[in-house]
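Per-entry structural report
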Amino acid sequence: MGETVIEKIIHHNTGKKVKPGDIATVSVDRVMIHDIFIPFVAEKFEEMGFQKLWDPDKVVLIYDHLVPASQLDDTRHFHTGDAFAEKYGMIHVHRSDGICHQLMTEAGYVKPGDVVFGTDSHTTTYGCVGAFSSGIGYTEMASILGTGSMWIRVPETIKVVINGKLPENVMSKDVILRLLGDLGADGATYRALEFTGSTVEEMSVSSRMTMANMAVEAGAKCALFTPDEKTAEYCNVTLNDYQKSLVGDEDASYCKTVVYKAEDFVPVMACPSQVDKIRNVSELSGIPIDQVFIGSCTNGRLEDLQAAAEVLKGRKVADYVKLIVTPASRKIYRQAIELGIMDVLAEAGAIITHPGCGLCCGRTGGILTDGERVVATNNRNFLGRMGTSKVEIYLASPKTAAACAVAGKIV
Ligand SMILES: CC(C)[C@H](C(=O)O)[C@@H](O)C(=O)O
Ligand code: SF4
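As the structure is a computational prediction, the values presented were derived from the model and not from experiment. Along every chain, residues carry numbers that run from 1 in the direction the sequence is written. Labels follow written order: the first chain is A, the first ligand is 1, and so on. Side-chain atom pairs in this predicted model are given and counted only at pLDDT of 80 or more, local residue features only at pLDDT of at least 70, and totals for whole chains, interfaces and linings cover all residues. Side-chain measures were taken over the full set of non-hydrogen atoms in the model, leaving aside hydrogen atoms and water.

**Regarding the site of ligand 1**
One heavy atom within 4 Å of a molecule or strand is enough for the residue carrying it to be called near that molecule or strand. In the region of ligand 1, the neighbouring residues are His34, Ile36, Phe37, His65, Asp120, Ser121, His122, Arg380 and Arg385. In this structure, His65 approaches ligand 1 through a side-chain N or O atom, which is 2.7 Å from an oxygen atom. At 2.6 Å from an oxygen atom of ligand 1 is found a side-chain nitrogen or oxygen belonging to Asp120. Note on areas: these come from Shrake-Rupley sampling with a 1.4 Å probe, and a residue is covered only by the protein chains present in the view. Summarising the interface, the protein chains cover 78% of the accessible area of ligand 1, which totals 310 Å² for the free molecule. Under the convention adopted here, Pro, Cys and the residues Ala, Val, Leu, Ile, Met, Phe, Trp and Tyr are nonpolar, Asp, Glu, Lys and Arg are charged, and Gly plus all remaining residues are polar. Of the residues belonging to the shell around ligand 1, the class tally is two nonpolar, four polar and three charged. N or O atoms closer than or at 3.5 Å make up a polar contact, with two conditions inside protein: a donor-capable atom paired with an acceptor-capable one, and, for residues adjacent in sequence, both atoms drawn from side chains.

This is the structure we're talking about:
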């Protein structure tokens, strides 16, 4: 019997062949803790009686949700984090370099085939380079910090096959939103999503990252793309035999297979306030908006800013609309300056902010109030996420978001 990608990763990690439902104890290759949870992780770690980190090189601490602080209590998280990092000799601490998920791949902390955990639900993101990565709570994180291991139940796998060429104005965000609509917000609960097909092969690692990032919005435990030459270049590695083998076997067992033709995709949006309430943009055309947000770990990368700039070049943001652009990392910020993208955005009237989570979780920069409507490129449109519970959030691709900013309405 063949194996799915997640089964191969767990098999390689534990040395034992596994099937869905098995409980496996994996050795952890890397962990990520962010600013919101570091005080809780630190407290639990000491409460559990650990004296040292199992491997300081494998631990990454990132301040992103609360940077720069917008509420008085936020700085406490930095002080607690700094003290913990110093006491236990942490090597990898990022205090204002960007969003955790962006940095984990961009800075080379995650390699194809790795097993990675993070204290954030969107840790599924690293599946873009063929790693098994998943979000966990702070108690589990404290335990990994002391032991270097974690138990998991081997998930079943849903195979998603996409072949063909995507239409011009369709981005990978439209693809994942359509899939979420079809599966439902709980349609992949505790399952692995394995993406394959010529469309996915054609995609950049950044585009795959958008899809792996949002897999958790269908409840997925993880998302997996087969590592290829683009992955190798992105991760700055030469793929070894194990990494090359991370493709689902012909005779592997899948609990479900969904097949799409790339040509059938159109620009879509997730309507308020559910991620799986998907409509074609054409059906929503004309709805007035107050703000547009282009950023987050879902769509704050260079290709996203570039796509927005292509739409905005020589155009202006509608008078009454605020366009907020937040690069996902400092590196992206600087690349966008070098390439003249920031110039185009600024010229069009965008408000460009520091890299970080920013408005995505409603912490800094641009919260909205009752009756206002925002088109946003992040991954969640939950009630109250970007301001009051009477704000309407429409999730879209960077191209669609930029077009809406110019029109002052959904187009
Ligand atoms: C703050 C954190 C726990 C949360 C998550 O886990 O996803 C945040 O990053 C989000 O996107 O809502
Ligand atoms: S950018 Fe948004 S979704 Fe991503 S980690 Fe930050 S708050 Fe969560």
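**Some remarks on the packing of helix H2 (residues 38-47) against helix H3 (residues 74-87)**
Axis definition: a line fitted to C-alpha atoms, over the contacting stretch in the case of helices. Angles run 0 to 180 degrees between N-to-C directions. Starting at the N terminus, helices and strands are each numbered in turn, a helix being any DSSP run of H or I of at least four residues and a strand any DSSP run of E of at least two. Between H2 and H3, whose axes approach to 8 Å, the crossing angle comes to 40 degrees. One way to sum up the angle between H2 and H3 is to call them oblique. For the pair H2 and H3, the crossing hand works out as left-handed. Taken together, the residues of H3 that come into contact with H2 (itself represented by Ile38, Pro39, Ala42, Phe45 and Glu46) are Arg76, His77, Thr80, Gly81, Phe84 and Lys87. Its residues placed into classes, the contact of H2 with H3 shows five nonpolar, three polar and three charged. For classification purposes, an angle smaller than 35 degrees is called roughly parallel, one larger than 145 roughly antiparallel, one from 65 to 115 roughly perpendicular, and anything else oblique. By the definition used in this description, the sense in which the near helix is turned from the far one sets the handedness, with an anticlockwise turn below a right angle giving left-handed and a clockwise turn giving right-handed. It only takes one pair of heavy atoms within 4.5 Å for two residues to be counted as in contact.

**What about the UniProt feature "binding site: [4Fe-4S] cluster" (unreviewed entry) in the chain?**
UniProt positions are given in the numbering used here, feature names are shortened, and annotations may be inferred rather than shown by experiment. Sites flagged by UniProt as "binding site: [4Fe-4S] cluster" (unreviewed entry) map to Cys297, Cys357 and Cys360. The largest pairwise C-alpha distance within this set of annotated residues, which runs over 64 residues, is 8.9 Å, so the set is compact in three dimensions. The residue Cys357 is located in the loop between strand S16 (351-352) and strand S17 (373-376) in this model. Working definition: with a 1.4 Å probe on protein chains only, accessible area under 20% of the residue-type maximum means buried, over 50% means exposed, and in between means partly exposed. Residue classification places Cys357 among the buried residues on the basis of a relative accessible area of 7%. If we skip the residues at most four places from it in the chain, Cys357 touches Asp64, His65, Ile99 and Phe293. Assessed through its relative accessible area of 7%, Cys360 is described here as buried. Among residues more than four places away in sequence, those in contact with Cys360 are Phe293, Ser296, Asn378, Asn379, Arg385 and Met386.

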